[in-house]
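# Observations on the three-dimensional arrangement
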Amino acid sequence: MSRIGKMPVTIPAGVDVKIGDDNVVTVKGPKGTLTQALHPRVSLRAEDGVWYAERASDEKKDKALHGLVRTLFNNMVVGVSQGFTKELDVLGVGYRAVKQGKQLVLNVGYSHQVFFEENDDIKLDVPAPNKIIVSGCDKQKVGQFAAEIREKRPPEPYKGKGIRYAGETVRHKEGKSGAKKK
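For the structure given in this document, a descriptive report is provided here. (Residues numbered from 1 in each chain as written. Predicted model: local features only at pLDDT ≥ 70, side-chain atom pairs only at ≥ 80, totals over all residues. Heavy atoms only, no water.)

### Some words on the pattern of salt bridges
Under the defined criterion, the tally for this structure stands at ten salt bridges. The partner of Glu-118 in a salt bridge is Lys-99, with the nearest N and O atoms 2.9 Å apart. A residue pair is termed long-range when its members are at least 10 positions apart, and Glu-118 in the loop between β10 (114-117) and β11 (122-128) and Lys-99 in strand β8 (residues 96-100) qualify at 19 residues. Note on Glu-118: relative accessible area 11%, which makes it buried. For Lys-99, a relative accessible area of 32% translates into the label partly exposed. (Salt bridge = Lys/Arg side-chain N within 4 Å of Asp/Glu carboxyl O. Helix = DSSP H or I, 4+ residues; strand = E, 2+ residues; numbered from the N terminus. Buried < 20%, exposed > 50% of the residue type's maximum accessible area, 1.4 Å probe, protein only.)

In structure tokens:
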């Protein structure tokens, strides 16, 4: 049995869960509302305010889906109650980030500035010129948006300049050894 799939999901106060037709789950909370169609081979059941994921059979595909559906449901509950954040560090001489209204403006070594627009699902915060915080209630969208920002100037292995996740380590390469000695 799936170790993750059999773990219970506790619903915090202020979070409402509804399961509609075709296993469409809607979770409402203080941070927002998330809706997702979960696989029909795995069902969700409530018992005393605690939710469990149950699979239809012990087939290989159902076992694989069991933990996935439970994790997706748990991410929805955590997202609408606490939210998710990703922190990015901007490293490099002259590299900086600025928030202008609902836009993130990056100066990362190009001849032009790079712009990212904040939307309803994603909130951007720039507490310092070299730090970006991406937050929202949907874990997948937060991670994808942070990856798109990082993609504009990924960290390079020689000097370590670029945009990286907070806590990410970049393996440095040794540079050229110079002229050959005879």
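Having seen the structure, we can now continue with the description.
### Observations regarding the pairing of strand β6 (residues 50-55)
Where strand β1 (residues 9-10) and β6 come together, two bridges link them in antiparallel fashion. Of the residues in β6, the one forming a bridge with Val-9 is Trp-51. Of the strand pairs in this sheet, strand β5 (residues 42-47) and β6 are connected by six bridges, and their pairing is antiparallel. Residue pairing in the sheet places Leu-44 in a bridge with Ala-53 of β6. Following β5, the chain reverses through two residues before pairing antiparallel with β6; Asp-48 in that reversal takes a positive phi of roughly 60 degrees. (Pairing = 2+ DSSP bridges.)

### Side note on the pairing of β11
With five bridges connecting them, β11 and strand β12 (residues 131-136) associate as antiparallel partners. Paired with Ala-128 across the bridge in β12 is Lys-131. Linkage of β11 to β12, two consecutive antiparallel strands, is achieved through a turn of two residues.

### Points about the sheet that holds β12
Pairing is antiparallel across the open sheet formed by four strands, whose spatial order is β11-β12-β7-β13. The sheet is open, and its two edges are formed by β11 and β13 (162-165), each paired on a single side. Between one strand axis and the next, the sheet turns through 25 degrees on average, direction left out of account. Sheet strands in contact with helix α2 (residues 139-151) are β7 (84-91), β11, β12 and β13, and its direction is about 10 degrees off that of β7. (Axes fitted to C-alpha atoms, helices over the stretch in contact; angles between N-to-C directions. Contact = heavy atoms within 4.5 Å.)

### Looking at the layout of surface pockets
In this structure, the largest pocket spans a volume of roughly 210 Å³. As for the largest pocket, its lining consists of Leu-34, Thr-35, Gln-36, Leu-72, Asn-75, Met-76, Cys-137, Asp-138, Lys-139, Gln-140 and Lys-141. Elements that contribute at least two residues to the lining of the largest pocket include exactly β4 (32-37), α1 (60-81) and α2. Each residue belonging to the lining of the largest pocket can be placed in one class, and the counts come to four nonpolar, four polar and three charged. (1 Å grid on protein atoms, 1.4 Å probe; cavity = no way out; pocket = protein on both sides within 12 Å on 5 of 7 lines; lining within 4 Å. Points joined across faces, edges and corners; volume = space filled by probe spheres on them. Nonpolar A, V, L, I, M, F, W, Y, C, P; charged D, E, K, R; others polar.)

### Remarks on unusual backbone geometry
Although it is not a glycine, Asn-23 adopts a positive phi angle of roughly 60 degrees. Within the element layout of this structure, Asn-23 appears in the loop between β2 (16-19) and β3 (24-29). Looking at Asn-23, the relative accessible area reads 13%, which means it is buried. Look at Asp-48: it is not a glycine, yet its phi comes out positive at around 60 degrees. Looking at the element boundaries, Asp-48 is found in the loop between β5 and β6.

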